[in-house]
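Residues per chain, in single letters:
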Amino acid sequence: LKEIAGMTGYSYDWLRHLFKSYTGQSLSQYILSRKLQRAALLLRTTKKTVEEIAEECRFSSASRFIDYFKREKGMTPARFRKTANEKDNVQWSFDV
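Keep in mind that this is a model prediction, so the values were computed, not measured. (Residues numbered from 1 in each chain as written. Predicted model: local features only at pLDDT ≥ 70, side-chain atom pairs only at ≥ 80, totals over all residues. Heavy atoms only, no water.)

S.K.: Quick question: what am I supposed to make of the overall build of the protein chain here?
M.R.: A tally of regular secondary structure across the protein chain gives 6 helices and 0 strands. N-terminal to C-terminal, the α/β element order of the protein chain is α-α-α-α-α-α. In terms of C-alpha radius of gyration, the protein chain reaches 18 Å, well past the compact-globule figure of 12 Å for 96 residues. Reported as C-alpha extents along the three principal axes, the dimensions of the protein chain are approximately 55 × 30 × 20 Å. Burial analysis of the protein chain (96 residues in total) assigns 23% to the buried set. Across the protein chain, the fraction of contacts at a sequence separation of at least 24, relative to all contacts at a separation of at least 6, is 35%. Taken as a whole, the protein chain presents about 7,300 Å² of accessible surface, with 54% of it coming from carbon and sulfur. For the protein chain, the distance from the average site of its 18 positive side-chain charges to the average site of its 11 negative ones is 3 Å. (Helix = DSSP H or I, 4+ residues; strand = E, 2+ residues; numbered from the N terminus. Rg over C-alpha atoms; globule rule 2.2 N^0.38 Å. Buried < 20%, exposed > 50% of the residue type's maximum accessible area, 1.4 Å probe, protein only. Contact = heavy atoms within 4.5 Å. Areas by Shrake-Rupley, 256 points an atom, 1.4 Å probe, with all protein chains shown as cover. Lys, Arg positive; Asp, Glu negative; His and termini not counted. Charge placed at Lys NZ, Arg CZ, Asp CG, Glu CD.)

Below is the structure:
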């Protein structure tokens, strides 16, 4: 945002306020939310390890990723993957 503020002539504080009023989140909260959404998608749709997903989603470490994920989703990434896969299997069984 600081770089954008410099390019547009708006103050950093005004852009921060504008961003939060538009998204309902601070920039850092928004970025974390998007990273966790991407990670959840990768957990559901790939066989990548938690470590690979943490790196691909640009978390500083797998343990930080697990901590953030557990705080936001209420379960570890491994449990989320297992639960998502179980739900997919149940859904498919009803579709037949």
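Moving on, there is more to tell.
S.K.: Any chance you could explain the packing of aromatic side chains here in plain terms?
M.R.: Working definition: an aromatic ring pair is given by the centre-to-centre distance plus the angle between the planes. A complete count under the given rule lists 5 aromatic pairs for this structure. With centroids separated by 6.1 Å and ring planes inclined at 40 degrees, the aromatic side chains of Phe 59 and Tyr 68 adopt a geometry described as tilted. Judged by its relative accessible area of 22%, Tyr 68 is partly exposed. Aromatic rings pair up to connect Phe 59, Phe 65, Tyr 68, Phe 69 and Phe 80 into one cluster. The lysine or arginine in question, Lys 2, covers the ring of Tyr 12, its NZ or CZ lying 5.5 Å from the ring centre. (Phe/Tyr/Trp six-rings, centres within 6.5 Å; stacked < 30°, edge-to-face > 60°. Lys NZ or Arg CZ within 6 Å of the ring centre and 35° of its normal.)

S.K.: Explain the side chain of Arg 81 to me, please; I cannot follow it from the model alone.
M.R.: Assignment of secondary structure puts Arg 81 in helix H6 (residues 77–95). Ignoring anything within four residues of it in the chain, the contact list for Arg 81 reads Leu 42, Leu 43, Thr 46, Lys 47, Lys 48 and Ile 53.

S.K.: How should the pattern of salt bridges be read in this particular structure?
M.R.: Oppositely charged side chains can pair when the atoms bearing their charge come close. All told, the structure shown has 5 salt bridges when counted by the stated rule. Two residues, Arg 38 and Glu 56, come together in a salt bridge whose shortest N-O distance is 3.1 Å. In this pair, Arg 38 is assigned in helix H3 (residues 27–45) and Glu 56 in helix H4 (residues 50–56), connecting sequence segments 18 residues apart. On the basis of relative accessibility, which here comes to 39%, the residue Arg 38 falls in the partly exposed class. The network of salt bridges with shared partners includes Arg 38, Lys 48 and Glu 56. (Salt bridge = Lys/Arg side-chain N within 4 Å of Asp/Glu carboxyl O.)

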